[in-house]
Amino acid sequence: MVILFYRMKKDSYKKLGDAIKKSKRITIVTHMNPDGDAMGSSLALSLYLQKLNKEVKVIVPNAFPQFLEWLPESKKTMNFQLNEKKVKTYVSKCDLIFVLDFNNFKRIEKLGEFLSETPIPKFMIDHHQQPEDLAKYYLHDVKACSTCELVYDLMKGMGHAKMIDKKIAECLYTGLMTDTGSFRFSSVTYKTHLILAELLKTGMVPSDIHSAIYDTYSRDRMKLLGLALNKMHILPDNKTAYIALSESDLKTFNYQKGDTEGMVNYPFSIKGINFCALFTEWDGIIKISFRSKGKLDVNKFARANFSGGGHINAAGGKSNLSLEETVEKFVGLVSSKKK
Ligand code: 5GP
Ligand code: MN
């Protein structure tokens, strides 16, 4: 069931705190193809809950990119795709399941089917549009720039801001930085910067985090970016730019998970562009990233046309058509302005 009001769904910190207090064994689950916010928020929450003497496991539906491996305790996470049995055994014996940085079990495919069938209470912390009614406890706000912002709110709301140490701060900073395109998207507010200031008090070094995430390109990744920019198409009448990369393009440059991260944003540097799309073909499926500026709602666009969703200005989707047919469909939709 999809609930109608979705601007904010938030229980009191008292209720949220009580749910945590009475749980001993906790699972944290995040979305497919985990990004900086998914990993940062999950690991920060895990470190915090461990300080409260909880037994915690972070589950990822599939592998996360190499450039996030430096995150504290990332190696302790369990990959559902590789350890289905172990994950199911752990989850079955836990008291509470946190659902972080996503809000619809379809988003995590087979793991979602399993979780939706367990009676264990779920606790959603998320900032995407249109949350499914899947949880008992909610800390949901589409105005939050990242799930990391909400994890910070949770700790502060529980009166535990002082428990945020350097490691937790590094995790939170990662999500705040990656989900805001290094603090330049319209989701950034004065509150984002107040949180950053608090995180910096722990001694964490922002430039180290930036380097660890962004200055790690392989030569192949950089060359793939060159190819992508060369292949970029512009629809000037629609203020739109798109890039389509075939499986063979990716293979030419020895594609590794995460190599196309951030690529979708490059065409925004062209004056006037307010809608960008990136199509990547892998294993016969076309994964799509949409980005927009201003009021153009790519969450709606992705939901209506490409079985996806996300935020107003950043969303994703997929297509079972061929790469060419998918691009054709997209160009047709954009040209007819059905956004
Ligand atoms: P990205 O383009 O970076 O993969 O995703 C952009 C945003 O849209 C992220 O917040 C991500 O969680 C969301 N998103 C990406 N793909 C999908 C999808 O297939 N379904 C839904 N509901 N959200 C998606
Ligand atoms: Mn996020």
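Here is a short report on the structure shown in this document.

Calculation rules
- Starting afresh in each chain, residues are numbered from 1 along the sequence in its written order.
- Think of it this way: whatever chain is written first is A, whatever ligand is written first is 1, and the rest follow in order.
- For a predicted model such as this one, the threshold for reporting local features is a pLDDT of at least 70, and the threshold for listing and counting side-chain atom pairs is 80 or more; totals across whole chains, interfaces and linings nevertheless cover every residue.
- Excluding hydrogens and water, the side-chain values take into account all heavy atoms of the structure.
- In this analysis a donor is any N, O or S atom within 2.8 Å of a metal ion (3.2 Å for sodium, potassium and calcium), and since water is not included, sites may seem incomplete.
- Here a strand is any run of E in DSSP of at least two residues, a helix any run of H or I of at least four, and the numbering for each starts at the N terminus.
- Burial classes: relative accessible area under 20% of the type maximum marks a residue as buried, over 50% as exposed, and values in between as partly exposed (1.4 Å probe, protein chains only).
- The definitions used throughout rest on a 1 Å grid laid over the protein atoms alone, on which a cavity is an enclosed set of points accommodating a 1.4 Å probe that cannot get out and a pocket is an open set flanked by protein within 12 Å on both sides along at least five of seven lines; lining residues are those having an atom within 4 Å of a point.
- Grid points are joined across faces, edges and corners, and a volume is the space filled by probe spheres set on the points.
- In this classification, Asp, Glu, Lys and Arg are treated as charged, Ala, Val, Leu, Ile, Met, Phe, Trp, Tyr, Cys and Pro as nonpolar, and every other residue, Gly included, as polar.
- Only buried residues count toward a nonpolar core, which is a set of Ala, Val, Leu, Ile, Met, Phe, Trp, Tyr and Cys residues joined through side-chain atoms within 4.5 Å.
- Residue contacts are counted whenever heavy atoms from the two residues lie within 4.5 Å of one another.

1. Examining the coordination of the manganese ion (ligand 2)
Then comes step 1: Only Asp-37 (OD), Asp-101 (OD), His-127 (NE2) and Asp-179 (OD) from the protein coordinate the manganese ion (ligand 2), and they sit 2.2 to 2.4 Å from it.
Then comes step 2: Written as a sequence motif, the donor residues of the manganese ion (ligand 2) are D-x63-D-x25-H-x51-D. Of this pair, Asp-37 sits in helix α2 (residues 36–51) while His-127 sits in the loop between β6 (122–126) and β7 (137–141), placing them 90 residues apart in sequence.
Then comes step 3: According to the relative accessible area criterion, His-127 is buried, its value standing at 2%.

2. Observations regarding empty space enclosed by the protein
Then comes step 1: Per the stated rule, a full pass over the model turns up one cavity of 30 Å³ or more.
Then comes step 2: What the largest cavity holds in volume is close to 30 Å³.
Then comes step 3: Lining the largest cavity are Tyr-217, Arg-221, Leu-225, Asp-259, Glu-261, Gly-262, Met-263 and Tyr-266.
Then comes step 4: Within the lining of the largest cavity, the residues separate by chemical class into four nonpolar, one polar and three charged.

3. Description of the nonpolar core
Then comes step 1: If you look at the biggest cluster of nonpolar residues, it comprises 50 residues, and the most contacted ones within it are Leu-45, Phe-98, Phe-123, Ile-125 and Leu-199.
Then comes step 2: Not counting the four nearest positions on each side in its chain, Leu-45 is found in contact with Ile-28, Phe-98, Leu-100, Ile-125, Val-151 and Leu-154.
Then comes step 3: Formed by 21 residues, the second largest nonpolar core is a distinct cluster that contains Ile-59, Val-87, Leu-115 and Tyr-138.

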